[in-house]
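One letter stands for each residue in the lines below.
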Protein chains: 2
Amino acid sequence: MNERDGATRIAILGAGLIGAAWAALFQHHGADVRVWDPVAEALGETPARMASPLAQLAEVAPDAGPRGTLTLCGNLSEAVSGAILIQENAPENIPLKHALFAQVEPLMGPDAVLASSTSALTWSELAPGLQDPARLITAHPFNPPHLVPLVEIYGTDPARIARAEAIYRAAGRMPVRLKKDATGHIANRLASALWREAVFMVQDGIADVEAVDAALVNGPGLRWSVLGAHMAYHLGGGTGGMAGYLAHLGPSQERRWAALGNPALTPDVQAALVEGVAREAAGRDIATLEAARDKALIAALIARRKAPHV
Amino acid sequence: MNERDGATRIAILGAGLIGAAWAALFQHHGADVRVWDPVAEALGETPARMASPLAQLAEVAPDAGPRGTLTLCGNLSEAVSGAILIQENAPENIPLKHALFAQVEPLMGPDAVLASSTSALTWSELAPGLQDPARLITAHPFNPPHLVPLVEIYGTDPARIARAEAIYRAAGRMPVRLKKDATGHIANRLASALWREAVFMVQDGIADVEAVDAALVNGPGLRWSVLGAHMAYHLGGGTGGMAGYLAHLGPSQERRWAALGNPALTPDVQAALVEGVAREAAGRDIATLEAARDKALIAALIARRKAPHV
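A quick note: this is a predicted structure, and the numbers were derived from the prediction, not measured. (Residues numbered from 1 in each chain as written. Chains lettered and ligands numbered in written order. Predicted model: local features only at pLDDT ≥ 70, side-chain atom pairs only at ≥ 80, totals over all residues.)

*Asks:* Help me out: how do you make sense of the overall build of chain A in this one?
*Replies:* The helix and strand inventory of chain A stands at 14 helices and 8 strands. Taken over C-alpha atoms, the radius of gyration comes to 21 Å for chain A, in line with the 19 Å a tight globule of 310 residues would show. Dimensions of chain A, computed from the C-alpha atoms along their principal axes, are close to 60 × 45 × 45 Å. Residues counted as buried form 52% of the 310 residues belonging to chain A. A fraction of 67% describes how many contacts in chain A between residues 6 or more apart in sequence connect residues 24 or more apart. (Helix = DSSP H or I, 4+ residues; strand = E, 2+ residues; numbered from the N terminus. Rg over C-alpha atoms; globule rule 2.2 N^0.38 Å. Buried ≥ 20, exposed ≤ 12 C-beta atoms within 10 Å, placed from the backbone. Contact = placed C-beta atoms within 7 Å.)

Right, dumping it as structure tokens:
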């Protein structure tokens, strides 16, 4: 579809890996995609960066309909004008993002949504960059954004949040809403909590890096790909469900929490982590590992179409 | 295969859900399975409990070859005699397990392995139940044991550990070795660490139960089904890998750890969890949720055959 057919116009600000993945995702799902980057060279590389995501999307979402259009924009106004969603992927730097927002805001339509992909920053830190903070949401994708469905959303204008969620859903994403601003949103808080214990087990000598990873991928990780953590304890409670679990095993769970580790990334621990992933990688470089990850993710996503998660 | 053909003889002690899943798994993979339970009624129900796991295994592992044999044993000696692996699934009670081990040990062959499925207890707590503790390993499966591949192993006799691992591998399991005894082994320590933050986000009002679960299943959970947590940070470090990640983002990760929550399972939090999973279940009872989980797990495992995890 092109804009004459009423295709959704979406601006992508910042043409790095995340920006290119968003651009591929939205173009694959029929949008009129405008990409802007202040660095001409980065902008020029956008189609090359989108090639692999586009090929992967053809496997994962073959029924998305005709591909949309891609326009590389040398100036911000051309990208933002007429866009209903402006997905910002600038470096994680508050003054830099504030300066960008000050340029974007006068160019936005009155109902448009400015969505920041920020991972490290919060809505409250970014909102002071706008005259009207209601225009801003945080919309954090999980890497790689064109494959992993999660988009974590926080904002203050329910109507804009709902419009943004509809756009993400139409692109096959799963928007999840925070009720309150939080550093790390939901997913990176979970990832950080899990990794703390994963690092502790290496530091404490309970298990090697590669054993921890193998346990996760073949155990709870596999289960969490089909069942949430809360729901897993609901099923762990037998016929009594979560209430039964809490009544019988709540106290032992609290004791277990108290016994979890609190590691520090000392030079020794860092060395153990670096050596451990090197053993686990077994000679595979980053690109090879990423390709294996993406291939497995694509197979898992295709499997989901037949048997959805709980 | 039957024992005349030299099929591996495996004793399953305790015919509850875990015992029945082990029995189905080993029978599906051609073993001569002997099941014992002190309660005649439980023993009699074993074939009925095995029916669904056996049907699921036919989907997940269709190439396992001819099914083995199943013998229900009214006395312990009949089950243990000649078994090279004795998988114990008694209640999580130290004196009870010690009493059982005292009965089992004189009946075991000299090279046989006594493997406890214990989730809550450790090898060090169980070993005093034997004259020769080298005969004991902990071999903790992850629920449901016939589908989720992980078996976490700790013991002191390398030869017995290696023999047990070979038996689990032949049954399509992924044994993972601990270097040191630890409560919760590896997987439940990871699950407990993650759930602590999941509960904290509900307690603190950051997100609802169902939002936390949706974020996990569509984000890190999906990724951890194909990629370990350590390896994920290796890929998050760009071309610098884990060393690059630690150099640039190690300090911010330590700050994030310090900011993670420390919830308590107060009556209010318990009520929020119970109400949240009820909304998420949306009227589905435990059996329906388990069936959906198993169907999705089976699809994920079949997808893995085509595209293995990293």
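*Asks:* Which parts of the structure should I look at to understand the pairing of strand β4 (residues 85–88) of chain A?
*Replies:* Within a regular strand, side chains alternate between the sheet's two faces. Residue and element names in this part refer to chain A. Residue alternation in β4 divides its side chains into two sets, L85 and Q87 and I86 and E88, and both sets are buried. Bridge count between strand β1 (residues 9–13) and β4: 4 bridges; the pairing is parallel. Within β4, the position partnered with L13 by the bridge is E88. When β4 meets strand β5 (residues 113–116), the two strands line up parallel, connected through 4 bridges. Opposite I86, over in β5, you have L114 as the bridge partner. (Pairing = 2+ DSSP bridges.)

*Asks:* Where do I start with the sheet that holds strand β1 (residues 9–13) of chain B in this structure?
*Replies:* Strands in a sheet are paired, the pairing made by backbone hydrogen bonds, and the direction either parallel or antiparallel. All names here are of chain B. Spatial strand order, β3-β2-β1-β4-β5-β6-β7-β8: 8 strands in an open sheet with mixed pairing. Edge positions in the sheet fall to β3 (69–73) and β8 (174–177), since each has one partner strand and no second. Each strand axis lies, on average, 25° off the axis of its neighbour in the sheet, ignoring direction. Relative to strand β6 (residues 136–141), strand β5 (residues 113–116) runs parallel, the two being bridged by 3 bridges. Its bridge partner being in β6, L114 is matched across the sheet by L136. Helix-sheet contacts for helix α7 (residues 158–170) involve β4 (85–88), β5, β6, β7 (150–155) and β8, and the interaxial angle to β7 is about 170°. (Axes fitted to C-alpha atoms, helices over the stretch in contact; angles between N-to-C directions.)

*Asks:* So what exactly am I meant to see when it comes to the relation of the copies chain B and chain A here?
*Replies:* Comparison of the two chain copies shows a relationship of rotation about an axis with a shift along it. Superposing chain B onto chain A takes a rotation of 180° plus a shift of 0.0 Å along the axis, which leaves an RMSD of 0.0 Å. Here the two chains are linked by the operation of a two-fold rotation axis. When the interface residues of chain B are mapped onto chain A, 100% of them are again interface residues, pointing to one common binding face. (Least-squares fit on C-alpha atoms with pLDDT ≥ 70 in both.)

*Asks:* I tried to follow the domain arrangement of chain A on my own but got confused; where do I start?
*Replies:* Frequently, the measure chosen for interface size is the accessible area that the parts lose on association. Residues and elements named next belong to chain A. Looking at chain A, the domain boundaries give domain 1 (3–177) and domain 2 (189–306). On the domain 2 side, the residues contacting the 5 residues of domain 1 number 5 residues. Residues that form the side of domain 1 that touches domain 2 fall into these classes: 3 nonpolar, 1 polar and 1 charged. (Domains from an automatic or database assignment. Nonpolar A, V, L, I, M, F, W, Y, C, P; charged D, E, K, R; others polar.)

*Asks:* Teacher, can you tell me more about the sheet that holds β1(A) here?
*Replies:* Spatially, 8 strands are ordered β3-β2-β1-β4-β5-β6-β7-β8 (chain A) in an open sheet, and the strand pairing comes out mixed. Edge positions in the sheet fall to β3 (69–73) and β8 (174–177) of chain A, since each of these pairs with one other strand and no more. The sheet shows a mean angle of 25° between the axes of neighbouring strands, taken without regard to direction. Strand contacts of helix α5 (residues 94–104) of chain A: β1, β4 and β5 of chain A, with the helix running at about 165° to β5(A), the strand carrying the most contacts. Packed on one face of the sheet, helix α9 (residues 209–218) of chain B meets β7 (150–155) and β8 of chain A and runs near 145° to β8(A).

*Asks:* Looking at this structure, how should I read the pairing of β7(B)?
*Replies:* All names here are of chain B. Among the 6 residues in β7, 6 count as buried, and that is most of the element. In β7, alternate side chains face the same way, and those of L150, E152 and Y154 on one face and V151, I153 and G155 on the other are all buried. As defined by bridge partners, β7 adjoins β8 across 4 bridges and the pair is classed as parallel. Residue pairing for β8: I153 is matched across the bridge by R177.

*Asks:* Even after reading the chapter, I still don't get the interface of chain B and chain A, so can you show me in this structure?
*Replies:* Opposite the 94 residues of chain B that make contact, chain A presents 95 residues. For the side of chain B that touches chain A, the element with the highest residue contribution is helix α14 (residues 286–306) of chain B, accounting for 13 residues. Tallied by class, the residues present in the side of chain B that touches chain A amount to 58 nonpolar, 19 polar and 17 charged.

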